[in-house]
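# An overview of the molecular structure
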Amino acid sequence: HAMALSVLLPMAEVGKIPMQLALTLAGGIGGGFQGYALSPTLLLKTRVMTNPVFREQMSIWKTTFLSMTIGFDVATKEGFFSL
């Protein structure tokens, strides 16, 4: 949002676009980037949380390793663009 606003705000200040449009576009750009960046992370988090393997007591290293294998499994079985 801040980066998009830094580009759009000068245009609004000189009257090229209305201020409300600059703020709306900056919010949309920021929200779109957030969705693009967080969607794969949330998908993998959900897969880890719903996997019964993680109901057992294990070390942080084993948990981390198994979490990463789930990420690789998703990319292998469903394709990288499924993320």
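Thresholds applied
Residues numbered from 1 in each chain as written. Predicted model: local features only at pLDDT ≥ 70, side-chain atom pairs only at ≥ 80, totals over all residues. Heavy atoms only, no water. Helix = DSSP H or I, 4+ residues; strand = E, 2+ residues; numbered from the N terminus. Rg over C-alpha atoms; globule rule 2.2 N^0.38 Å. Buried < 20%, exposed > 50% of the residue type's maximum accessible area, 1.4 Å probe, protein only. Contact = heavy atoms within 4.5 Å. Areas by Shrake-Rupley, 256 points an atom, 1.4 Å probe, with all protein chains shown as cover.

### Regarding the overall build of the protein chain
In terms of helices and strands, the protein chain carries 3 helices and 0 strands. Listed N to C, the secondary structure of the protein chain is α-α-α in terms of helices and strands. For a compact globule of 83 residues, the expected C-alpha radius of gyration is about 12 Å, and the protein chain comes in at 20 Å, more than 25% above that figure. Each principal axis of the C-alpha distribution contributes one length, and for the protein chain these read about 60 × 25 × 15 Å. Here the protein chain holds 83 residues, and 18% of them are scored as buried. Within the protein chain, counting contacts between residues at least 6 apart in sequence, those at least 24 apart form 34% of the total. Total accessible area computed for the protein chain in this model is approximately 6400 Å², and 70% of it derives from carbon and sulfur atoms.

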